[in-house]
Amino acid sequence: MKNDLPAARGRPRGFDRDAALRRAMEVFWAKGYDGAALSDLTAAMGINPPSLYAAFGSKEALFREAVDLYGTIEGNEIWAAIDEAPTARDAVRRFLEATANVFTRPGRPPGCLVVLGALHPNDSNENVCRVLKEKRADNIATLRNRLKRAVRDGELPKGVDTLAIATFYVTVQQGMSIQARDGASRETLRAVADSAMAAWDGLTTGAKKRA
């Protein structure tokens, strides 16, 4: 008798793990980690609970993979703008403009999964909150590294507080995520980006150096 191993694990024939992960990402993005019930995930993924556990291990492990996928396919447009820009000012401007576009993309949940996925730690999501907190800190570090390069290149003065500037603009971006989830339009978020860029000269001249 033939031993049907995929069926024994609860995984349907023709299971497309990548497609299932993408659908799970969209559920987590729309509902957050706590709000995404197992029934929501399995319905979107087209599988049953045993299939989910066989393919991903646990809801938490699935979420971690979903966040990594989000960074690759949704966040790439935002963060690529930083490296591709010729100047630090252009990098920040493009970063915020790309944010306005991505956070209000038709057919996608508004806002950012990394910002909105889990904010309040509890017994069931403590590890998830820690992972997202680390990713948000990494975002500040990424932008700060671009600013440090501008200091080395002589574009920005040596006394500029790169940490404060990077934190400010990432904080603006995080606020844009909340505004998008509340229904703000792309035009509104672009206006927020323009307002934030109006602070650039004051932030990058005469600032105290942070170690």
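The protein chain goes by TetR family transcriptional regulator in an unreviewed UniProt entry, where it is assigned to Pseudorhodoplanes sinuspersici.

**Considerations on the overall build of the protein chain**
A count of helical and extended segments in the protein chain gives 12 helices and 0 strands. Reading the protein chain from its N end, one meets helices and strands in the order α-α-α-α-α-α-α-α-α-α-α-α. In terms of overall dimensions, the protein chain has C-alpha extents of about 75 × 35 × 35 Å along its principal axes. Pairs at least 24 apart in sequence give 71% of the contacts found in the protein chain among residues at least 6 apart. Looking at the protein chain as shown, the accessible area adds up to about 10,800 Å², and 51% of this sits on carbon and sulfur atoms.

**Overview of the environment of Ala 66**
Summarising the element assignment, Ala 66 is placed in helix 5 (residues 59-73). A relative accessible area of 0% means that Ala 66 is categorised as buried. Between the C-alpha atoms of Ala 66 and Arg 22, which are 44 residues apart in sequence, the distance is 7.0 Å. Leave out the neighbours within four places in its chain, and Ala 66 touches Leu 21, Met 25, Phe 28 and Leu 113.

**Quick word on the pattern of salt bridges**
Inspection of every chain in the model, using the stated rule, returns 11 salt bridges. Of the charged contacts, one joins Arg 17 and Glu 65 as a salt bridge, the two residues approaching to 2.7 Å between their closest N and O atoms. With Arg 17 in helix 2 (residues 17-35) and Glu 65 in helix 5, the pair connects residues that are 48 residues apart, well separated along the chain. Overall, the relative accessible area of 28% leaves Arg 17 in the partly exposed class. You can call Glu 65 partly exposed: its relative accessible area is 26%. A salt bridge links Asp 201 to Arg 89; the shortest N-O distance between them is 3.1 Å. One end of the pair, Asp 201, is in helix 12 (residues 200-204); the other, Arg 89, is in helix 7 (residues 88-102), with 112 residues separating them in the sequence. Residue classification places Asp 201 among the partly exposed positions, given a relative accessible area of 45%. Note on Arg 89: relative accessible area 36%, which makes it partly exposed. In the salt-bridge network here, residues are joined through shared partners; they are Glu 74, Glu 77, Arg 105 and Arg 108.

**Concerning helix 7**
Between its terminal C-alpha atoms helix 7 stretches 21 Å, which fits the 21 Å expected from 15 residues at 1.5 Å a residue. Packing partners of the buried residues in helix 7 comprise helix 6 (76-84), helix 9 (126-152), helix 10 (162-181), helix 11 (186-197) and helix 12.

**Re the packing of helix 3 (residues 38-45) against helix 4 (residues 49-56)**
At their nearest, the axes of helix 3 and helix 4 sit 9 Å apart, and the two run at 85° to each other. Taken together, the axis directions place helix 3 and helix 4 in an arrangement best described as roughly perpendicular. Between helix 3, through Leu 38, Leu 41, Thr 42 and Met 45, and helix 4, the contact on the second element is made entirely by Pro 49, Leu 52, Tyr 53 and Phe 56. Residues of the contact of helix 3 with helix 4, tallied by class, amount to 7 nonpolar, 1 polar and no charged.

What counts and what doesn't
- Residues numbered from 1 in each chain as written.
- Predicted model: local features only at pLDDT ≥ 70, side-chain atom pairs only at ≥ 80, totals over all residues.
- Heavy atoms only, no water.
- Helix = DSSP H or I, 4+ residues; strand = E, 2+ residues; numbered from the N terminus.
- Contact = heavy atoms within 4.5 Å.
- Areas by Shrake-Rupley, 256 points an atom, 1.4 Å probe, with all protein chains shown as cover.
- Buried < 20%, exposed > 50% of the residue type's maximum accessible area, 1.4 Å probe, protein only.
- Salt bridge = Lys/Arg side-chain N within 4 Å of Asp/Glu carboxyl O.
- Expected span 1.5 Å × (residues − 1).
- Axes fitted to C-alpha atoms, helices over the stretch in contact; angles between N-to-C directions.
- Parallel < 35°, antiparallel > 145°, perpendicular 65-115°, else oblique.
- Nonpolar A, V, L, I, M, F, W, Y, C, P; charged D, E, K, R; others polar.

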